[in-house]
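These are the residues of each chain, in order.
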Amino acid sequence: MIKNKPLSGKTAIVTGASSGIGRATALTLAMAGAAVAIFARRKDRLIKVASDIQAKGGKVLSFAGDASYPEDIDKLLEQTLQWKEGGRKYDIVVVNAGRGLAGGTLSSDHSQWEEVYNTNVLGAAYLIRSAAQYFVGRKKGDIVVVGSVVGRNISPFSAFYGSSKFAVNAIAEGLRQEVCAHGVRVSLVMPGIVKSEFQKVAGYNEDNFYKSIAHMGKLLKPQAIADGICWLLTQPPNVNVSEIMIRATGQNYP
Ligand SMILES: NC(=O)c1ccc[n+]([C@@H]2O[C@H](COP(=O)([O-])OP(=O)(O)OC[C@H]3O[C@@H](n4cnc5c(N)ncnc54)[C@H](OP(=O)(O)O)[C@@H]3O)[C@@H](O)[C@H]2O)c1
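Throughout what follows, the structure given in this document is the object of discussion. (Residues numbered from 1 in each chain as written. Predicted model: local features only at pLDDT ≥ 70, side-chain atom pairs only at ≥ 80, totals over all residues.)

1. Describing the overall build of the protein chain
In step 1: Looking only at helices and strands, the protein chain has 8 helices and 7 strands in total.
In step 2: A compact globule built from 254 residues would reach a C-alpha radius of gyration of about 18 Å, and the protein chain, at 17 Å, matches this within 12%.
In step 3: Along the first, second and third principal axes, the C-alpha atoms of the protein chain reach 50 × 35 × 35 Å.
In step 4: Relative to its 254 residues, the protein chain shows a buried fraction of 46%.
In step 5: Pairs at least 24 residues apart make up 73% of the contacts formed inside the protein chain by residues separated by at least 6 positions. (Helix = DSSP H or I, 4+ residues; strand = E, 2+ residues; numbered from the N terminus. Rg over C-alpha atoms; globule rule 2.2 N^0.38 Å. Buried ≥ 20, exposed ≤ 12 C-beta atoms within 10 Å, placed from the backbone. Contact = placed C-beta atoms within 7 Å.)

This is how it looks when you write it as structure tokens:
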């Protein structure tokens, strides 16, 4: 339980909030006092997350859309700026929507490459840029980009997906250098292996994934990443935790 609601008065946008890390982050930021605008494609799942947040006394706005469509991102930002309970502004954007893909350049399913890049790189970059333009104008704001440890250490079981996270990791640090003089913080969060719907969407199975990680013991739950995000957002304004890597203790690699 978070004491004293350190994010009260702030409005946070969380993409990919219908499941896993995004869902846990939306709930955690709401419990820390933020009004939360949640976004993902599956409307039924967003409605459930919204009702979980409201049941705990949180403020929530939900908007269904695709993170790889700039027009959906534009609508999400516009609606958040009109949301009375959110104060008609936003202070925090968690760029989390993304998907995995099993395999490397030879072994991954080529028909899914475009969706991986459109969501993980181009869609993320569009949201990052739109939020950064707004925050530079306000001279404050937080952009949290959910990258991956495989965006730093490429791994054989997800090398093609990892390349998309190398790209977004670079976009995040490049942006930090562009906007830090304007009072805007950019944080790159690199999760290790987290149990979520990610593995199923990526197409992981015993042979292409689970055998390689069997020795790692207890893996992370999404809450571990949500807690890290909440922690970095609650540092004093002059402290920018520009990157964190969070792995299960037994995860030796990547
Ligand atoms: N789990 C891991 O091991 C791990 C490790 C490192 C990094 N990550 C990163 O963490 C982030 C969250 O992953 P997760 O583990 O929480 O996976 P998850 O449980 O599968 O959640 C992914 C979320 O992203 C949303 N999403 C996917 N494509 C989207 C699109 N085109 N438009 C809008 N929303 C979209 C999904 O919602 P809808 O399907 O409803 O749209 C869902 O809410 C991703 O960026 C992932 O790459 C995960």
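From this point on, the discussion continues.
2. Section: the site of the ligand
In step 1: In the vicinity of the ligand, 31 residues are found, and the nearest of them are Gly16, Gly20, Arg41, Arg42 and Gly98.
In step 2: Mapped by element, the contributors of at least two residues to the shell around the ligand are helix 1 (20–31) and helix 6 (198–202).
In step 3: When residues of the shell around the ligand are assigned to their parent elements, the largest contribution, 3 residues, is made by helix 1.
In step 4: Classifying every residue of the shell around the ligand by side-chain character gives 12 nonpolar, 13 polar and 6 charged. (Near = placed C-beta within 6 Å. Nonpolar A, V, L, I, M, F, W, Y, C, P; charged D, E, K, R; others polar.)

3. Concerning the environment of glutamate 178
In step 1: For glutamate 178, the location among the structural elements is in helix 5 (residues 159–179).
In step 2: Residue glutamate 178 is classed as partly exposed on the basis of its C-beta count, with 13 C-beta atoms lying within 10 Å.
In step 3: Separated by 36 residues in the primary sequence, glutamate 178 and alanine 214 have C-alpha atoms spaced 41 Å apart.

4. Let's talk about the pairing of strand 6 (residues 184–191)
In step 1: Counted residue by residue, strand 6 has 8 buried out of 8 residues, so it is predominantly covered.
In step 2: Side chains of strand 6 alternate between two faces, with Val184, Val186, Leu188 and Met190 and Arg185, Ser187, Val189 and Pro191 buried alike.
In step 3: In this sheet, strand 6 lies alongside strand 5 (residues 141–146) in parallel orientation, the contact comprising 6 bridges. Paired with glycine 141 across the strands is valine 184, a residue of strand 6.
In step 4: Following the backbone out of strand 5, through helix 5 and into the adjacent parallel strand 6, one traces a crossover that is right-handed.
In step 5: Of the strand pairs in this sheet, strand 6 and strand 7 (residues 243–246) are connected by 4 bridges, and their pairing is parallel. (Pairing = 2+ DSSP bridges. Right-handed = clockwise from strand over helix to strand, strands pointing away.)

5. Regarding unusual backbone geometry
In step 1: With an omega dihedral of 0°, the bond running from tyrosine 253 to proline 254 counts as a cis peptide bond.
In step 2: Within the secondary structure, proline 254 is located in the segment after strand 7.
In step 3: Residue arginine 88 is not a glycine yet carries a positive backbone phi of 55°.
In step 4: Within the secondary structure layout, arginine 88 lies in the loop between helix 3 (70–82) and strand 4 (92–95).

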